Amino acid sequence: MVPRTGVVNPPVRIVAIDDDAGFLDFLSNALGETGVEIFTTPDPAQGLGLALNEHTDIVLLDLKMPSCSGFDLLEKIVSANPTINVILLTGEYSTESAVEAIQKGAADYLNKPISVDTLRRRVSKFVASARERHEAAQLSHNLVETFQFEGIVGWSPLMLEVYDRIRRVAPHFRNVLISGETGTGKELVARALHRLSPYSSGPFVVCNCAAVVETLFESELFGHVRGAFTGAIQDKKGYFQLAHGGTIFLDEIGDASLAIQAKLLRVLQDHAVQRLGSPVRHEIDVRVVTATNRNLKTMVEQKTFREDLFYRISSVEIKLPNLSRRREDLPLLERHFIERFGEEYKKPLRGITRKAQILLARHSWPGNIRELENVIAHACMMARGDAIDVQDLPEIMKSEQTNMDDWDEDLCSLEEIQRRHIQRVLKCVKDNRVQAAEILGIGRTTLYRFLREIEIPVEGEAAHKSAP
């Protein structure tokens, strides 16, 4: 079957394992057709290798062989790659063994001897299903490429609106504010703005305001001259000078102190910097992109963020939605990360099973895209077959499947889903807040804000509140 892109899908691969060489010839002749590859072997160990080392779609397996039980091979194949349809064949049919076969994961159970017409009819539905999966995988890959904008993946209305805003803003901006929770892709948007701007040939310099030590902040941003302070053994350019002729990205701008905010405002107004310890002004031509996961308007009201700086940096604002508000993007993002990590880990992964996909769709994703990225990276690393299954997901995700029957998610608000997930993560890591933040893919400050909202005490606050 040829998809609309014109790319020919791989043939359907069938592996037949039976100690009867004559029956293997019968299978090869009966099922041989265009677009189907059949590999036969009387050796169970070799057959298992053929089934699991390549992209196998269907396995025809004899139930009783001298050196091995078909049930043992069935369990190994289904455990390693649940996307393979295993059809058991036996000359000694019984209702009990048929039921056992289905319970252990067999797709069908056929009794020998079998006519050519019956064999073709029973196997053809699995061949058709395999071809549909191949085409769906190819179409999914094509969709990822089609709906990838400057490295950002998504086709939801919310993301298409973000793309449109980036296109309109990029050629003209001087200052842009990108707002959104941790893990929503703010740096990707900043890089897209830079690449689409007239300054794309210039440097793109990143400064994480939350990671810079307060005492070194001014030196890092504006530079210093030799002797400006102890340890300043030579002149050094700051981030703004390094970004001259390009773009500077100030991430987590809400974590900058009021003193630094005042100096940032002066630079944005004057388009010039003074290195620490020097009276000389250096003219700069820089586009400034700032980002925050905090509510700067609220911080302005609380006097923790300068109002004049806020209006200076937010003349244009691009708001990124949480992953929970763009769930239609999940399949594309899953495919994007599977392809990326499959290539990185050198694993020929074709996709994700329906059960695993359903489990991911039910998740609340408080850590947004970063959390999804971490989950898929883990799953790709742990995958034993050519498709990610529930067993490959992190333990916290699998525990959600166990707890899913305890409450009806369809009748819960997003806030309730988020609260329950954070509590489960904290329980799994024995209340280790640092580890919980890493699993969720969010910063500790963001986690603490969530904990305050769901009324879970943050470290040190209980003692502080009880003090006289």
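In what follows, the structure referred to is the one given above.
Residues numbered from 1 in each chain as written. Predicted model: local features only at pLDDT ≥ 70, side-chain atom pairs only at ≥ 80, totals over all residues. Heavy atoms only, no water.

Caption draft 1: Spotlight on the side chain of Asp329. In this structure, Asp329 sits in the loop between β18 (317-319) and α13 (330-344). Overall, the relative accessible area of 0% leaves Asp329 in the buried class. At 2.7 Å, the side chain of Asp329 and the backbone nitrogen of Trp155 are in polar contact. Separated by 2.8 Å, the side chains of Asp329 and Ser156 make a polar contact. Contact partners of Asp329, with chain neighbours within four places excluded, come to Gly154, Trp155, Ser156 and Met159. (Helix = DSSP H or I, 4+ residues; strand = E, 2+ residues; numbered from the N terminus. Buried < 20%, exposed > 50% of the residue type's maximum accessible area, 1.4 Å probe, protein only. Polar contact = N/O pair within 3.5 Å; in protein donor to acceptor, adjacent residues only side chain to side chain. Contact = heavy atoms within 4.5 Å.)

Caption draft 2: Structural view of helix α10 (residues 258-270). The terminal C-alpha atoms of α10, which comprises 13 residues, lie 19 Å apart, in line with the 18 Å expected from a rise of 1.5 Å per residue. Along α10, the residues that are buried comprise Ile260, Gln261, Leu264, Leu265, Val267 and Leu268. Viewed along the axis of α10, the buried residues span an arc of 165 degrees, placing them on a single side of the element. Within two residues after α10, His271 carries a phi angle of roughly 55 degrees, on the positive side. (Expected span 1.5 Å × (residues − 1). Arc of directions from axis to C-beta.)

Caption draft 3: Here's a closer look at the pattern of salt bridges. For the structure on display, the rule yields 24 salt bridges. With its nearest N and O atoms 4.0 Å apart, the salt bridge here joins Asp285 to Arg287. Exposure remark for Asp285: the relative accessible area of 27% places this residue in the partly exposed category. Among the salt bridges present, the one from Arg335 reaches Glu339, with a minimum N-O distance of 3.9 Å. Of this pair, Arg335 and Glu339 are both found in helix α13, 4 residues apart, which corresponds to roughly one turn of the helix. The buried category is assigned to Arg335, whose relative accessible area is 11%. Put simply, Arg266, Asp270, Arg281 and Glu283 are held in one network by salt bridges that share partners. (Salt bridge = Lys/Arg side-chain N within 4 Å of Asp/Glu carboxyl O.)

Caption draft 4: Highlighting the environment of Asn53. Mapped onto the elements of the fold, Asn53 is located in helix α2 (residues 44-53). Of the residues examined, Asn53 reaches a relative accessible area of 61% and is grouped as exposed. Considered as a pair, Asn53 and Asp386 are 333 residues apart in the sequence and their alpha carbons are 8.9 Å apart.

Caption draft 5: Examining the pairing of strand β6 (residues 85-90) more closely. The element β6 is extensively covered by neighbouring structure, given that 6 of its 6 residues are classed as buried. Burial of β6 is two-sided: the residues Asn85, Ile87 and Leu89 facing one way and the residues Val86, Leu88 and Thr90 facing the other way are all buried. Direction of pairing for strand β3 (residues 58-62) relative to β6: parallel, over a ladder of 5 bridges. Bridged to Leu61 within β6 is Leu88. Relative to strand β7 (residues 108-111), β6 is paired through 4 bridges, and the arrangement is parallel. Bridging across to β7, Thr90 finds its partner in Asn111. (Pairing = 2+ DSSP bridges.)

Caption draft 6: Molecular detail of the nonpolar core. By size, the foremost hydrophobic cluster in this structure holds 40 residues, and its most contacted members are Leu360, Trp365, Leu372, Ile376, Ile388, Leu393 and Leu447. At the level of elements, α13, α14 (354-362), α15 (368-382), α16 (395-403), α17 (414-428), α18 (433-440) and α19 (444-453) are the ones that each hand at least two residues to this core. Looking at this core, the element that brings in the most residues is α15, giving 7 residues. The residues touching Leu372, leaving out its near neighbours within four places in the chain, are Leu323, Leu330, Leu333, Glu334, Phe337 and Trp365. Grouped together as the second largest cluster of nonpolar side chains are 31 residues, Ala256, Val273, Leu296 and Phe305 included. (Core = buried A, V, L, I, M, F, W, Y, C linked by side-chain atoms within 4.5 Å.)

Caption draft 7: Local environment of unusual backbone geometry. Here the bond from Lys112 into Pro113 is cis, since omega is -10 degrees, no more than 30 degrees from zero. With respect to the secondary-structure elements, Pro113 resides in the loop between β7 and α5 (116-146). Despite not being glycine, Glu252 shows a phi value in the positive range, around 55 degrees. The topology assignment puts Glu252 in the loop between β14 (247-251) and α10. A relative accessible area of 12% places Glu252 in the buried class.

Caption draft 8: Summary view of the packing of α13 against α14. Remark: α13 packs on α14, axes separated minimally by 11 Å, with the N-to-C direction vectors making an angle of 120 degrees. When the axes of α13 and α14 are compared, the pair comes out oblique. For the element pair α13 and α14, the recorded crossing hand is right-handed. Here Leu330, Pro331 and Glu334 of α13 lie close against α14, whose contacting residues are Gln357, Leu360 and Ala361. (Axes fitted to C-alpha atoms, helices over the stretch in contact; angles between N-to-C directions. Parallel < 35°, antiparallel > 145°, perpendicular 65-115°, else oblique. Left-handed = near helix turned anticlockwise from the far one by under 90°.)

Caption draft 9: Seen up close, the sheet that holds β3. Sheet architecture is open: 5 strands sit in the order β2-β1-β3-β6-β7, paired in parallel fashion. Strands at the two margins of the open sheet, each flanked by one partner only, are β2 (36-41) and β7. Taking the axes of each pair of neighbouring strands and ignoring which way they run, one obtains an average angle of 20 degrees across the sheet.

Caption draft 10: The sheet that holds β14, seen in detail. Spatially, 5 strands are ordered β11-β14-β17-β10-β18 in an open sheet, and the strand pairing comes out parallel. Looking at the sheet topology across the chains shown, the edges are occupied by β11 (204-208) and β18. Ignoring strand direction, the axes of neighbouring strands in this sheet form an average angle of 20 degrees. Bridge analysis of strand β10 (residues 175-179) against strand β17 (residues 287-292) gives 5 bridges, and the strand direction is parallel. What sits directly across from Ile178, in β17, is Ala291.

Caption draft 11: Region of interest: the packing of aromatic side chains. In total, this model carries 8 aromatic pairs according to the counting rule given. Consider the rings of Phe222 and Phe240, whose centres lie 6.0 Å apart with planes at 20 degrees: the pair is stacked. Linking Phe222 in helix α8 (residues 217-222) with Phe240 in helix α9 (residues 239-242), this pair joins segments that are 18 residues apart in sequence. The class of Phe240 is buried, set by a relative accessible area of 0%. Joined through ring pairs, the aromatic side chains of Phe337, Phe341 and Tyr345 make up one cluster. The cationic tip of Lys104 hangs over the ring face of Phe71; the distance from NZ or CZ to the ring centre is 4.8 Å. For Lys112, the ring lying beneath its charged end belongs to Phe23, and the centroid distance is 4.4 Å. (Phe/Tyr/Trp six-rings, centres within 6.5 Å; stacked < 30°, edge-to-face > 60°. Lys NZ or Arg CZ within 6 Å of the ring centre and 35° of its normal.)

This is a description of form; function is not addressed.
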